[in-house]
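Here is how the chains run, residue by residue.
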Amino acid sequence: MRDLCWSAPASRRQAAPDIPGSVLIMANPTSGGYNAEFLDSVRTRLEDLGFRTEIRLTRHAGEIGEVCTNPGLGVRTLVVAGGDGSINEALTGFQNNPDPPQLAVIPFGTANVLALELGLPRKPVAIADMIWRQKTKSLRFGLVNGHPFVLMASSGFDAEIVHAVPLALKRKFGKLAYVITAFRIGFKRKASHLEISLDGETINGKFAVASNARHYGGPFVICPHGATDPGLHMLVLDKDDPWSSLRYGLALMFGRIHKARGATVRPFSVATIASASPVAAQVDGDPFGTTPLEISQTEKTVPVLVP
C-alpha cells in the first residue's frame, strides 16, 4: 500500500526537525469509524518523512488508557485514531504518567468534537504532515469526580441517551443512533430535578452540561464565549421534556442555545450537580455513572499536535 502516499522531496526530508523517539498509532479495530487503509497511508507517509511508526490495534476495552499510563512507553508522539471517548481514555492514562508523550488525533469516531475545536485535518497525508511539523497546543481539561474531561460532562436527557444507545446501533448508524434512541426513550422518561452549584451560587434545572469547548455533539456551538472567555462554562436548561428538548435542539442547531428562553450559561471554576435520586451522567460522549458530580478546572495540560 506504500504507493497510496507520495514521498517528500529529499530537501524536505533533510529539513525535518530532529525528533527523538517514534510514533505509536493506536486504534480500536471494532469501532465504526475504523479504516485500516487510512492508517496504513498515515504510517507510510510518516515513514517517508523519517519517523519510526507502529500501528497497534487494541484487543480489549481500556487498553489505550493502560498504554498511556506506562512511563516506559518510549515514544515521542502517541496518535489516537478514534473518537472523543478514546481521547478521554488517553488523557486518563496520562494522569498517572510522569512523562507522557505528546498527543495527536486521527478523527475516526462518531462526533469528533475535539477535531472540530482544533481544526484538525481529515486526510492521511495532511495528518502525517501535521505530526512532522511538531506544532503543539496546550490542551487544558477539566475534572469530574477526579476524572478528566476534555469536552464536556453532563447530567440529564443527553446522558440518558448515551447510557441507553445500543453499541450495535451506534456502529451501524453513527450519530443517527442517538436520534433514534432519543425518540425511543424521550416520550416515556420522567425528567429529574437537578441542583447545580456554580462557585457557591445555586441554579435549578432539568439538564446541565459543563463545557470545556465551544462545540457540542458535532458542529453545533453550545458556548460561543469559549473563544474569548476560555475555561469551563455551565449550560443549565430549566426543562428537558420532549417538546422543550426539540425547541432547545433547534436553538442549538442555529447557534442560539445560550439565548434561548429557560437556558442559562455561566462561567465557573468549581461546580456540583446534585439530585434527590441518581441521574445519569456522561463524560465526553461516554457513560459516566450518575450524580452527584463535582466539577473543577485543572491547571494540568497535555501537548496536542495541531496544524
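Source: prediction; values computed, not measured.

Reading the values: rules and limits
Residues numbered from 1 in each chain as written. Predicted model: local features only at pLDDT ≥ 70, side-chain atom pairs only at ≥ 80, totals over all residues. Heavy atoms only, no water. Patch = residues over 30% accessible without salt bridge, like charges linked within 9 Å, V, L, I, M, F, W, Y side chains within 5 Å. Areas by Shrake-Rupley, 256 points an atom, 1.4 Å probe, with all protein chains shown as cover. Salt bridge = Lys/Arg side-chain N within 4 Å of Asp/Glu carboxyl O. Helix = DSSP H or I, 4+ residues; strand = E, 2+ residues; numbered from the N terminus. Buried < 20%, exposed > 50% of the residue type's maximum accessible area, 1.4 Å probe, protein only. Polar contact = N/O pair within 3.5 Å; in protein donor to acceptor, adjacent residues only side chain to side chain. Contact = heavy atoms within 4.5 Å. Pairing = 2+ DSSP bridges. Axes fitted to C-alpha atoms, helices over the stretch in contact; angles between N-to-C directions.

Caption draft 1: Representation of a nonpolar patch on the surface in the model. Together, Phe 173, Leu 176, Val 179, Ile 180, Phe 183, Phe 187, Trp 243, Leu 246, Leu 250, Met 253 and Phe 254 make up an exposed nonpolar region whose accessible area comes to about 1200 Å². Here Phe 183 is to be found in helix α9 (residues 176-186). In this structure Phe 183 comes out as exposed when scored by relative accessible area, which is 59%.

Caption draft 2: Expanded view of the side chain of Glu 63. You can see Glu 63 is positioned in helix α3 (residues 63-69). Look at Glu 63 and you get buried, because its relative accessible area is 5%. Among the polar contacts made by the side chain of Glu 63, one reaches the main-chain amide nitrogen of Arg 59 at a distance of 2.5 Å. Look past the residues within four positions of Glu 63 in its chain and what remains in contact with it is Met 26, Arg 56, Thr 58 and Glu 89.

Caption draft 3: Local environment of the sheet that holds strand β17 (residues 286-290). Reading across from one edge, β14-β13-β10-β7-β16-β17 is the order of the six strands in this open sheet, with antiparallel pairing throughout. Among the strands making up the open sheet, the edge pair consists of β14 (263-268) and β17. When the angles between neighbouring strand axes are averaged without regard to direction, this sheet yields 20°. With three bridges connecting them, strand β16 (residues 280-283) and β17 associate as antiparallel partners. In the sheet register, Gln 282 faces β17, and the bridge partner there is Pro 287. Contacting β7 (152-155), β10 (207-211), β16 and β17, helix α7 (residues 157-164) runs over the sheet at an angle of about 80° to β16.

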